[in-house]
Amino acid sequence: MIRKLFILPIRFYQAALSPLIGPRCRYDPTCSHYAVGAIQEWGVLKGSWLAIKRIGRCHPWGGFGPDPVPKKPHVKE
């Protein structure tokens, strides 16, 4: 439930604001899609931190290209 509350404003941005701005992201997936994926994969705290770090790398001197959300390590029992 908490994850949905954090994802809702991102979805609003994707639907209402992003089309007005146009494609400008250096990475694939876009930063907003990365943020949603990170929150879904890692939860609100770590997912938000990963998204903030990703947005911090999005500048003219930063990287570009594929940058997927890291997956949780698989634990063998």
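First, a word on scope: everything that follows refers to the structure included in this document. (Residues numbered from 1 in each chain as written. Predicted model: local features only at pLDDT ≥ 70, side-chain atom pairs only at ≥ 80, totals over all residues. Heavy atoms only, no water.)

## Things to note about helix α3 (residues 44-56)
In an α-helix there are 3.6 residues to a turn, and that puts residues three or four apart on one side. For α3, with 13 residues, the first-to-last C-alpha span of 18 Å sits near the 18 Å given by 1.5 Å per residue. For α3, the set of buried residues is Val 44, Gly 47, Ser 48, Leu 50, Ala 51 and Arg 54. Seen along its axis, α3 keeps its buried residues to an arc of 160°; they face one direction. Exposed positions of α3 whose direction lies more than 90 degrees from the buried face are Leu 45 and Ile 52. (Helix = DSSP H or I, 4+ residues; strand = E, 2+ residues; numbered from the N terminus. Expected span 1.5 Å × (residues − 1). Buried < 20%, exposed > 50% of the residue type's maximum accessible area, 1.4 Å probe, protein only. Arc of directions from axis to C-beta.)

## Thoughts on the nonpolar core
The biggest cluster of nonpolar side chains holds seven residues, and these are Ile 7, Ile 10, Ala 35, Val 36, Ile 39, Val 44 and Ala 51. Residue assignment for this core shows that the elements contributing at least two residues are α1 (2-21), α2 (31-42) and α3. Excluding its chain neighbours within four sequence positions, the residues that come into contact with Ile 10 are Ser 32, Ala 35, Val 36 and Ile 39. Membership of the second largest hydrophobic core comes to five residues, among which are Tyr 34, Ala 38, Leu 50 and Val 69. (Core = buried A, V, L, I, M, F, W, Y, C linked by side-chain atoms within 4.5 Å. Contact = heavy atoms within 4.5 Å.)

## Things to note about the pattern of salt bridges
Taken as a whole and assessed by the stated rule, the structure comprises two salt bridges. With its nearest N and O atoms 2.4 Å apart, the salt bridge here joins Asp 67 to Arg 57. One end of the pair, Asp 67, is in the segment after β2 (65-66); the other, Arg 57, is in the loop between α3 and β2, and 10 residues separate them in sequence. (Salt bridge = Lys/Arg side-chain N within 4 Å of Asp/Glu carboxyl O.)

## Overview of the packing of aromatic side chains
Applying the stated criterion across every chain, the model contains zero aromatic pairs. Here the basic side chain of Lys 46 rests over the ring of Trp 42, its NZ or CZ set 4.1 Å away from the ring centre. Geometry around Tyr 27 places Arg 57 over its ring, the cationic atom sitting 5.9 Å from the centre. (Phe/Tyr/Trp six-rings, centres within 6.5 Å; stacked < 30°, edge-to-face > 60°. Lys NZ or Arg CZ within 6 Å of the ring centre and 35° of its normal.)

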